[in-house]
Amino acid sequence: MRTNGRTSTRRDFLKAGMLGIAATAFTPAALGARTPEEAAPGAKRTLVHRTLGRTGIRVPVVSVGGGNIADAAILRTALDAGLTHIDTARSYGRGANEKLIATVIKDRPRDSFVIGTKSANMAVDNRTGIYKSTTKGENFTRELDESLKTLGLEYVDIFYVHDIVRGESIKMDCVLKAFESAKQSGKARWIGVSTHRGEPEVIRATIETKIWDVVLTAYNFRQPHLADVTSAIAEAAAAGLGIVAMKTQAGVFWDPERKRPINAKAALKWALQNEHIHTAIPGVSTIEELETDISIMEDLALSGAEKGELELGMAPAEPGLFCGQCGSCVAQCRSKLDIPTLMRSYMYAYGYRRPAKARETLAAAGIRRVPCGKCPTCTVACASGLPVRERAMNIARIASVPEEFLG
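Rules behind the numbers
- Residues numbered from 1 in each chain as written.
- Predicted model: local features only at pLDDT ≥ 70, side-chain atom pairs only at ≥ 80, totals over all residues.
- Heavy atoms only, no water.
- Helix = DSSP H or I, 4+ residues; strand = E, 2+ residues; numbered from the N terminus.
- Buried < 20%, exposed > 50% of the residue type's maximum accessible area, 1.4 Å probe, protein only.
- Contact = heavy atoms within 4.5 Å.
- Areas by Shrake-Rupley, 256 points an atom, 1.4 Å probe, with all protein chains shown as cover.
- Core = buried A, V, L, I, M, F, W, Y, C linked by side-chain atoms within 4.5 Å.
- Axes fitted to C-alpha atoms, helices over the stretch in contact; angles between N-to-C directions.
- Parallel < 35°, antiparallel > 145°, perpendicular 65-115°, else oblique.
- Left-handed = near helix turned anticlockwise from the far one by under 90°.
- Nonpolar A, V, L, I, M, F, W, Y, C, P; charged D, E, K, R; others polar.
- 1 Å grid on protein atoms, 1.4 Å probe; cavity = no way out; pocket = protein on both sides within 12 Å on 5 of 7 lines; lining within 4 Å.
- Points joined across faces, edges and corners; volume = space filled by probe spheres on them.
- Phe/Tyr/Trp six-rings, centres within 6.5 Å; stacked < 30°, edge-to-face > 60°.
- Polar contact = N/O pair within 3.5 Å; in protein donor to acceptor, adjacent residues only side chain to side chain.
- Salt bridge = Lys/Arg side-chain N within 4 Å of Asp/Glu carboxyl O.

Turning our attention to the overall build of the chain. Looking only at helices and strands, the chain has 15 helices and 12 strands in total. Looking at the chain as a whole, 55% of its 407 residues qualify as buried. The contacts in the chain between residues at least 6 apart in sequence include a share of 76% that link residues at least 24 apart. As presented, the chain carries roughly 17,100 Å² of accessible surface, and 53% of it is formed by carbon and sulfur atoms.

If you want it as structure tokens, here you go:
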């Protein structure tokens, strides 16, 4: 669930010098601004498009994050409106999301939509964030074949290696061969890398290996390492990679009590100020959210009020629900827990109200229980001020909830 935010009453003192990267302005042409005729009331809607790097694919700057969608009517409405790029993953709903998409695209011309899907997470060593030596290329190939069968397609437009946190993983020989083969066989037109954490390292490794075409990266105004992420994105775009942004809503709420919603529309517009972001994939679960996403393209420029709503250039008053996934916590933990995944799952459950997604994320990372109770004190000091022990123990309870109760 998303919400459009609140009215700011105390941000009119923001100055250009405080905003830095977060308030970087681009020309109207770079932002895809409309002519007065296009923006006039009653005029036919024209979506703003950018080219997805060297793939040459023209995509709307706002695409469809399909993971939240349970109603085929939302997908039909999106495609009919011209939002032709849909993002999904093999792991979303254990294949249920791909099945839903299949029902919508089966009678449409193949060149009328763009589908990106991802492999499920393979075995990762939680201490290093790198794939274990037992990882095999055929695992990725099998995932792609299963996705194609479920989607009812001969090929997907983009096939991603999913949730990479260390650059070394995408340099492994078995990974490179599997994804190069997927492209050479025609089962994937283009191949990409998705990353929620350690984004600068992963993005730069993607550039270095030279086989990848697209990067799907977390990108929002609250990232503690925003300058480095922004720099890496610019480097990737200069190298010809297509850039897709996710996690643009930054946790949905400013506070864990869910009383102060982040202005979702402003947060998405903020991400699109960066001309190197070719498209963003906000999750939608209702027609109203879809309409909001489409309306953003009427005017991509951030107003002064919207900048104030996002508190750009200001230290947050409280940590809220967003974990920047910096990973500095892992080395501090006596048990070497995958704290970033725990915190991301907490955000899914308590911010997005998607407990099934939270449990799915924990399961994919092999987290079945959290032994925080064995430690007399917690040695972790979160860089963003999150109460790590409290949230880790809280979200761990979801593992014991019967799946049918999670929706």
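Val 161 and Trp 212 are the most contacted members of the largest nonpolar core, which has 104 residues in total. The element best represented in this core is helix α13 (residues 339-350), accounting for seven residues. Look past the residues within four positions of Val 161 in its chain and what remains in contact with it is Ser 119, Tyr 131, Phe 140, Ile 170, Val 175, Phe 179, Gly 192, Val 193, Ser 194 and Trp 212. Grouped together as the second largest cluster of nonpolar side chains are 12 residues, Val 59, Tyr 160, Trp 190 and Met 246 included.

Before going further, it helps to examine the packing of helix α10 (residues 264-272) against helix α11 (residues 287-296). A packed helix pair is summarised by two numbers, namely the angle formed by the two axes and the spacing between the axes. Where α10 contacts α11, the two axes come as close as 10 Å, and the packing angle between them is 40°. With respect to α11, the element α10 is oriented oblique. The handedness of the crossing between α10 and α11 is right-handed. For the pair α10 and α11, contact is made by Lys 265, Leu 268, Lys 269 and Leu 272 and by Thr 292, Asp 293, Ser 295 and Ile 296, respectively. Of the residues that constitute the contact of α10 with α11, the class distribution is three nonpolar, two polar and three charged.

Of the voids in this model, the second largest pocket is the one considered here, and its volume is about 550 Å³. Together, 34 residues line the second largest pocket, and Tyr 92, Lys 247, Tyr 348, Arg 354 and Lys 357 are the ones closest to its centre. Contributions of two or more residues to the lining of the second largest pocket are made by α13 and α14 (355-364). Here the lining of the second largest pocket gets four residues from one element, more than from any other, and that element is α14. Considering only residue class, the lining of the second largest pocket consists of 12 nonpolar, 13 polar and nine charged.

Tracing the chain through its elements places Glu 309 in helix α12 (residues 304-309). For the pair Glu 309 and Ala 267, spaced 42 residues apart in the sequence, the C-alpha separation amounts to 9.2 Å.

Interaxial distance between helix α6 (residues 137-151) and helix α7 (residues 173-184) falls to 8 Å at its minimum, and their mutual angle equals 30°. The element α6 and its partner α7 pack so that their crossing is right-handed. Residue-level inspection shows Gly 137, Phe 140, Thr 141 and Leu 144 of α6 in contact with α7, the latter providing Cys 174, Val 175, Ala 178, Phe 179 and Ala 182. Here the residues of the contact of α6 with α7 are counted per class, giving seven nonpolar, two polar and no charged.

Next up on the list: the packing of aromatic side chains. Each aromatic ring pair is specified by the distance between its two centres and by the angle formed by the two planes. Scanning the model with the defined rule gives eight aromatic pairs in all. Measuring from ring centre to ring centre gives 6.5 Å for Phe 221 and Trp 270, while their planes differ by 65°; the resulting arrangement is edge-to-face. Residue Phe 221 is located in the loop between β10 (214-218) and α9 (226-238), and its partner Trp 270 is located in helix α10; the two are separated by 49 residues in the primary sequence. Trp 270 matches Phe 221 in its accessibility class, with the two residues each being buried.

This brings us to the side chain of Asp 338. Relative to the assigned elements, Asp 338 resides in the loop between α12 and α13. At 3.0 Å, the side chain of Asp 338 forms a polar contact with the side chain of Arg 197. Among the polar contacts made by the side chain of Asp 338, one reaches the side chain of Thr 341 at a distance of 2.8 Å.

Turning our attention to the pattern of salt bridges. Under the criterion given, the structure shown has 18 salt bridges. Ionic pairing is found between Arg 108 and Asp 80, a salt bridge with its closest N-O pair at 3.1 Å. Pair noted here: Arg 108 is in the loop between α5 (96-105) and β5 (114-118) and Asp 80 is in helix α4 (residues 72-81), with a separation of 28 residues, a long-range link. Judged by its relative accessible area of 24%, Arg 108 is partly exposed. Look at Asp 80 and you get exposed, because its relative accessible area is 59%. For Lys 177, the salt bridge identified is with Asp 173, shortest N-O distance 3.2 Å. Taken together, the residues Lys 177 and Asp 173, both in helix α7 and four residues apart, mark about one turn of the helix. With relative accessibility at 47%, the residue Asp 173 sits in the partly exposed group. One salt-bridge network, in which partners are shared between bridges, spans Arg 54, Lys 183 and Asp 213.

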